[in-house]
Amino acid sequence: MLKIQVNINIILFTLIFYFLYAFNGFSQDELYRVNTIVIDPGHGGKDPGALSQYGKEKDVVLAIGLKLRKYIEDSLPDVNVIMTRNKDVFVELYRRAKIANENKADLFISIHANSNKSSSPRGSETYVMGLHKTEANLAVAKKENQVILQESNYQQEYDGFDPNSPEGNIIFSLYQNAYLTQSLQMADLIQKHFRRNRMLIDRGVKQAGFLVLWKTAMPSLLVEAGFISNKIDGKYLTSSQGQDSIALAIFQAFREYKNTIESQAIEDNKQQKETKVNFNKGLIFSIQILTTKKNIPLQPENFHKFTDIYKKKYNDWIKYYIGAVSDFDAITDKYKIVKKYYKDAFVVAFNNGEKISIREAKKIEKKSGKK
Ligand SMILES: [Zn+2]
């Protein structure tokens, strides 16, 4: 009975968090920027993490984290870098997420090293929060979650979560990740840059329920940089050169992520302004010329020298238009010219931003007394 109660609590908590954060995402009006990153070197202090003859996980991940910080600070001085630990100290998992939330971080990266009873597995993988697809992925999360047993108040801090219970692990990993898209985007980039490093084997992007990622309110991921239990990985992870290469790959991924997210935000903002001015107020006739997933800059040279070009985003698709007038006769005249360049073009109408039929539009035009 108590167990069921605990599970229900976890589900409720999960839902509340999901709704809180799902609707607390990027504001449409302000330009989104990746300004603050939290680097979380796993383990520390009394918790050494994975151990092998080559070294300790806690030392490896701290070295990588500090090198990553240096790369970011040197190359992207406008980014605020926060470490959950910058020395060999124990930090509770919940506190790591709290540091990220309190600093309103835009990205959270937890750095770890993997280990296995067998010395043969090697390679790097990046996790985002979600339900594991294989027992092996679950095992990685369970291993990283075990540390809460060393925390004094763990039952309270993690809503009764028992890291040894398989059932608990499953329920908890069903947690909906409001930032899944961005988390996956960054995870893909990390693996992409790892692939370019010939010393690392790409094990891909995976999902599992990591407690440290549970309550972070921003795109978050956990990197398992390599297997400290494997001879090649173990030596690489514990060497200064290996740590440096891993930090560099994560840095390159971060720089690319930041550029992508920010240019997308600028583009979205521009598009919004364009459509706000031209389509969202009153009755508008226009000519739809193209629907594509390609983002074409609204420059006359891209549109047969037409200057009054507009675009509107519909999910993955972008629709391109020429002309924006409130008079049907005017758009008909324009259409005759546009049709010469875009043979599939057709006239469309919007009323306060909403697409309506031409018949409806003409009715509205008539009512307004223009015709
Ligand atoms: Zn770890």
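Residues numbered from 1 in each chain as written. Predicted model: local features only at pLDDT ≥ 70, side-chain atom pairs only at ≥ 80, totals over all residues. Heavy atoms only, no water.

Colleague: What is the right way to read the overall build of the protein chain from this model?
Modeller: Helix and strand counts for the protein chain come out as 12 helices and 13 strands. Out of the 371 residues in the protein chain, the part that is buried amounts to 49%. In the protein chain, the proportion of contacts linking residues at least 24 apart, taken out of those at least 6 apart, comes to 78%. Accessible surface, the protein chain as shown: approximately 18,500 Å² in total, 52% of it carbon and sulfur. (Helix = DSSP H or I, 4+ residues; strand = E, 2+ residues; numbered from the N terminus. Buried < 20%, exposed > 50% of the residue type's maximum accessible area, 1.4 Å probe, protein only. Contact = heavy atoms within 4.5 Å. Areas by Shrake-Rupley, 256 points an atom, 1.4 Å probe, with all protein chains shown as cover.)

Colleague: Looking at this structure, I do not really get the sheet that holds strand β12 (residues 346-351). What am I missing?
Modeller: Sheets are built from strands paired through backbone hydrogen bonds, the pairs being either parallel or antiparallel. Strands sit in the order β10-β11-β9-β12-β13 across an open sheet of 5 strands; the sheet is antiparallel. Each end of this open sheet is capped by a strand with a single partner; those strands are β10 (309-314) and β13 (354-356). With direction set aside, neighbouring strand axes in the sheet form an average angle of 45 degrees. On the sheet, helix α11 (residues 328-341) packs against β9 (283-292), β11 (317-325) and β12 and is oriented at approximately 25 degrees with respect to β9. The sheet strands contacting helix α12 (residues 358-367) are β9, β12 and β13, and the helix crosses β9 at an angle near 160 degrees. (Pairing = 2+ DSSP bridges. Axes fitted to C-alpha atoms, helices over the stretch in contact; angles between N-to-C directions.)

Colleague: I would appreciate a short explanation of the packing of aromatic side chains in the present structure.
Modeller: Where two aromatic rings form a pair, the distance of their centres and the angle of their planes describe that pair. Tallied over the entire structure, the rule returns 7 aromatic pairs. The interplanar angle of 70 degrees and the centroid separation of 6.0 Å between the aromatic rings of Y94 and Y158 together place this pair among those described as edge-to-face. A residue pair is termed long-range when its members are at least 10 positions apart, and Y94 in helix α3 (residues 93-102) and Y158 in the loop between α5 (154-157) and α6 (166-173) qualify at 64 residues. Here Y158 falls in the buried class, since its relative accessible area comes to 2%. Ring plane angle 65 degrees and centroid distance 5.0 Å describe the contact between Y127 and F210, whose orientation is recorded as edge-to-face. Taken together, the residues span a long stretch of sequence, with Y127 in strand β6 (residues 124-129) and F210 in the loop between β7 (202-208) and α8 (211-214) at a distance of 83 residues. Accessibility classification places Y127 together with F210 in one group, the buried group. When the ring centre of F90 is taken as origin, the NZ or CZ atom of K46, which lies over that ring, is 4.5 Å away. When the ring centre of W214 is taken as reference, the NZ or CZ atom of K215 above it lies at 4.7 Å. (Phe/Tyr/Trp six-rings, centres within 6.5 Å; stacked < 30°, edge-to-face > 60°. Lys NZ or Arg CZ within 6 Å of the ring centre and 35° of its normal.)

Colleague: What am I meant to see in the coordination of the zinc ion here?
Modeller: Note on metal sites: the ideal angle is 109.5 degrees for four tetrahedral donors, and 90 or 180 degrees for six octahedral donors. Distances from the zinc ion to its protein donors, H43 (NE2), E57 (OE), H112 (ND1), E144 (OE) and E144 (OE), fall at 2.0 to 2.4 Å. Here the donor residues for the zinc ion map to a single chain with the spacing H-x13-E-x54-H-x31-E. Residue H112 is found in strand β5 (residues 107-114), and its partner E144 is found in helix α4 (residues 135-145); the two are separated by 32 residues along the sequence. The two residues H112 and E144 agree in class, both being buried. (Donors = N, O, S within 2.8 Å, 3.2 Å for Na, K, Ca; no water.)

Colleague: Would you mind going over the environment of Q191 with me for this structure?
Modeller: Structurally, Q191 can be placed in helix α7 (residues 180-195). Since its relative accessible area comes to 2%, Q191 is described here as buried. Once the C-alpha coordinates of Q191 and V223 are considered, the two residues, 32 residues apart in sequence, prove to be 9.3 Å apart.

Colleague: Whenever I open this one, the pattern of salt bridges confuses me. Can you help?
Modeller: Should their charged atoms come close, side chains of opposite charge can pair. In the structure shown here, the tally under the stated rule is 14 salt bridges. In this structure, D74 engages K70 in a salt bridge whose closest nitrogen and oxygen atoms are separated by 2.7 Å. Residue D74 and its partner K70 are both found in helix α2 (residues 57-75); the two are separated by 4 residues, about one turn of the helix. Owing to a relative accessible area of 53%, D74 belongs among the exposed residues under this scheme. A single salt-bridge network, built from bridges that share partners, covers R33, D78, K258 and E262. (Salt bridge = Lys/Arg side-chain N within 4 Å of Asp/Glu carboxyl O.)

Colleague: Would you explain the pairing of β10 in this entry?
Modeller: As a general feature of sheets, a regular strand has side chains that alternate between the two faces. With 6 bridges joining them, β10 and β11 adopt antiparallel strand pairing. Among the inter-strand pairings, Y310 is bridged to a residue of β11, identified as Y321.

Colleague: Is there a simple way to think about α11 in this case?
Modeller: Helical geometry note: an α-helix holds 3.6 residues per turn, so side chains three or four residues apart project in the same direction. Between its terminal C-alpha atoms α11 stretches 20 Å, which fits the 20 Å expected from 14 residues at 1.5 Å a residue. At Y335, α11 shows its strongest bend, of approximately 30 degrees. Within α11, the full set of buried residues consists of F328, I331 and V338. Each element contacted by the buried residues of α11 is listed here: β9, β11, β12 and α12. You can read the cap of α11 off the contacts: a side-chain oxygen lies 2.8 Å from the backbone nitrogen of D329, and it is on D327. (Expected span 1.5 Å × (residues − 1). Bend = angle between axes of the 7 residues up to and from the residue. Polar contact = N/O pair within 3.5 Å; in protein donor to acceptor, adjacent residues only side chain to side chain.)

Colleague: I tried to follow α7 on my own but got confused; where do I start?
Modeller: Across its 16 residues, α7 extends 22 Å between first and last C-alpha, which sits within 8% of the 22 Å expected from 1.5 Å per residue. Among all positions in α7, only Q182, S183, M186, A187, L189, I190, Q191, H193 and F194 are buried.

Colleague: Explain the environment of Y236 to me, please; I cannot follow it from the model alone.
Modeller: Position of Y236 among the secondary structure elements: in helix α9 (residues 231-238). Residues Y236 and Y54, 182 residues apart in the sequence, show an inter-C-alpha distance of 9.3 Å. Non-local contacts of Y236, meaning those with residues more than four positions away in its chain, are made with N197, M199, L200, G242, Q243, S245 and I246.

Colleague: What am I meant to see in unusual backbone geometry here?
Modeller: Most peptide bonds take the trans configuration, and most residues that are not glycine carry a negative phi. Phi angles above zero are rare outside glycine, and H304 is one such case at about 50 degrees. With relative accessibility at 45%, the residue H304 sits in the partly exposed group. At K305, a residue that is not glycine, the phi angle is positive and equals roughly 70 degrees. Structurally, K305 is set in the loop between β9 and β10.

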